[in-house]
Every structure is written in C-alpha cells, then in structure tokens.
Amino acid sequence: MRERSPAASPYYRSRPPNVCLLPPVSSPTPPHAGPPPGSTPPPADADPRRDALAAWLAGLPEGPTLSLGTLRPASNDASFRRYFRVDADAGHTWIAMDAPPPQEDVRPFVHVAGLIQAAGLHGPRVLECDAEQGFLLLDDLGRRLYLDALREAAPAQADALMRDAVQALVRWQGGVA
C-alpha cells in the first residue's frame, strides 16, 4: 500500500481507490448559529475553518514538511470549497482544500481525481484526505491557468495547446468507459 510513484514528487503515496469513500454521514451537523448568549463573538477576521485546516495539516503523520505560516488563498470555485496554497520543503507547494460538510462532500472529487490519474491524464493527486472534516491535501498544478496560456500563445502554440486539450478529452472519454 505504501509505494511511491517514480514520476511523482518524493511525497506522493499511491492509495487504494476507496481511500476517502466513507459511508455518508446520517445526520449532518447543523451550521453553528453563532456564539452563545452573553459570550464575546469572535473577531471579524476569525476563520475557524481555516484554523481547523491548519491544525489538520499540522497533524499529518508523514509527508512534506509544511510551512503553515505560508497558508494563503490559492483560488475559489463556484461552490463552498476553498483552496489554499502552502509552501513546503525543497521549494514545493501544495494545495489544501477546505470543503465544509454538510455543504460539500469530498468523496466525488477524490473519485474523479482517481479516474483522471487512471486515464493517464495530468490532474490533482490526493495525497491526504479527511472526508469527515472535508479536508484534502493535493498536488499543486501551478498558478498559470490553461486559458491564460492559450490567450497569450502565438497562433502555432495556441493550435498545439488546443490539440493537446482535444487529445486529453479523447483519452479521458476512452479511459473512463
């Protein structure tokens, strides 16, 4: 179970496909309604989910040495998920995903990431997972978006990028069947 991928970073551990496939939580915890009456509310800039993510990262049993003081927003998407970039040893960076339950479930993300890898495509690898808390540690695929590279490319390079994208889609469709 603990083999390392030779083409991957020195921290990547391959995992069985069901690493994060936990049974559904039968009764999700309701969102916190605020501080109890008479207590002092948290500061306006408090972020309990970010703090919990940092604590989870700090408690990981092995892998990269993360510099938690560098945990910073990486990107957002059109959901409740948030992504943070964190620096590590040897100049690496990783992405920590916060997908707060009950609004999000990381298991479909983990499943699709595994399908992408199985199809031989470049996609995020899940290095660590805590489905109950909604936390993942992922490969950092970089800061530059494919669309930005396409927009900035010379016509011949843009054509090559589009051909690569179409080939990846064909490979994806063939690999997921």
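Residues numbered from 1 in each chain as written. Predicted model: local features only at pLDDT ≥ 70, side-chain atom pairs only at ≥ 80, totals over all residues. Heavy atoms only, no water.

Visitor: How would you summarise the overall build of the protein if you had to cite specific residues and measurements?
Guide: In terms of helices and strands, the protein carries 4 helices and 5 strands. The helix and strand sequence of the protein, counted from the amino end, reads α-β-β-β-α-β-β-α-α. Expressed as a percentage of its 177 residues, the buried residues of the protein come to 32%. Nonlocal contacts in the protein, meaning residues at least 24 apart in sequence, comprise 51% of its contacts between residues at least 6 apart. (Helix = DSSP H or I, 4+ residues; strand = E, 2+ residues; numbered from the N terminus. Buried < 20%, exposed > 50% of the residue type's maximum accessible area, 1.4 Å probe, protein only. Contact = heavy atoms within 4.5 Å.)

Visitor: Any chance you could break down the side chain of Asp-98 for me, citing the residues and the numbers?
Guide: Its place among the elements puts Asp-98 in strand S3 (residues 93-98). Exposure remark for Asp-98: the relative accessible area of 2% places this residue in the buried category.

Visitor: An account of the pattern of salt bridges is needed here, citing residue identities and associated values.
Guide: Side chains that differ in sign of charge can pair as their charged atoms come close. One pass over the full model with this rule turns up 10 salt bridges. A salt bridge links Arg-125 to Asp-139; the nearest nitrogen and oxygen atoms lie 2.4 Å apart. You can see Arg-125 sitting in the loop between helix H2 (106-118) and strand S4 (126-130) and its partner Asp-139 sitting in strand S5 (residues 135-139), a full 14 residues away along the chain. Each of the two residues, Arg-125 as well as Asp-139, counts as buried. (Salt bridge = Lys/Arg side-chain N within 4 Å of Asp/Glu carboxyl O.)

Visitor: Describe helix H1 (residues 48-58), with residues and values.
Guide: For H1, every residue scored as buried is listed here: Leu-53, Ala-54, Trp-56 and Leu-57. What you see down the axis of H1 is that its buried residues fit within an arc of 160°, all on one side. Across H1 from its buried face, at more than 90 degrees, point the exposed residues Pro-48 and Ala-58. The inward-facing, buried residues of H1 contact strand S1 (66-76), strand S2 (82-88), S3, S4 and S5. (Arc of directions from axis to C-beta.)

Visitor: Explain the pairing of S5 residue by residue, including any values.
Guide: With respect to burial, S5 is a largely interior element, 5 of its 5 residues being buried. Pairing of S3 with S5 involves 5 bridges; the strand directions are antiparallel. Note that in S5 the partner of Ala-96 across the bridge is Leu-137. As defined by bridge partners, S4 adjoins S5 across 4 bridges and the pair is classed as antiparallel. Each bridged residue has a counterpart across the sheet, and for Cys-129 the counterpart in S5 is Leu-136. Hairpin geometry of S4 and S5 is characterised by an intervening segment of 4 residues between the two adjacent antiparallel strands and by a positive phi of about 80° at Gly-134. (Pairing = 2+ DSSP bridges.)

Visitor: Explain the sheet that holds S3 to me, and be specific about the residues and the numbers.
Guide: Overall, antiparallel pairing links the 5 strands, which are arranged S1-S2-S3-S5-S4 in an open sheet. This sheet does not close on itself; its edge strands, each paired only once, are S1 and S4. Mean inter-strand twist for the sheet, computed between neighbouring axes without regard to direction, equals 25°. (Axes fitted to C-alpha atoms, helices over the stretch in contact; angles between N-to-C directions.)

Visitor: Can you break down unusual backbone geometry residue by residue, with the values?
Guide: Most of the time, phi is negative for any residue but glycine, and the peptide bond is trans. Pro-101 connects to Pro-102 through a cis peptide bond whose omega is 5°. The topology assignment puts Pro-102 in the loop between S3 and H2. The phi torsion at Ala-90 lies on the positive side, around 60°, for a residue other than glycine. Examined against the element boundaries, Ala-90 turns out to sit in the loop between S2 and S3.

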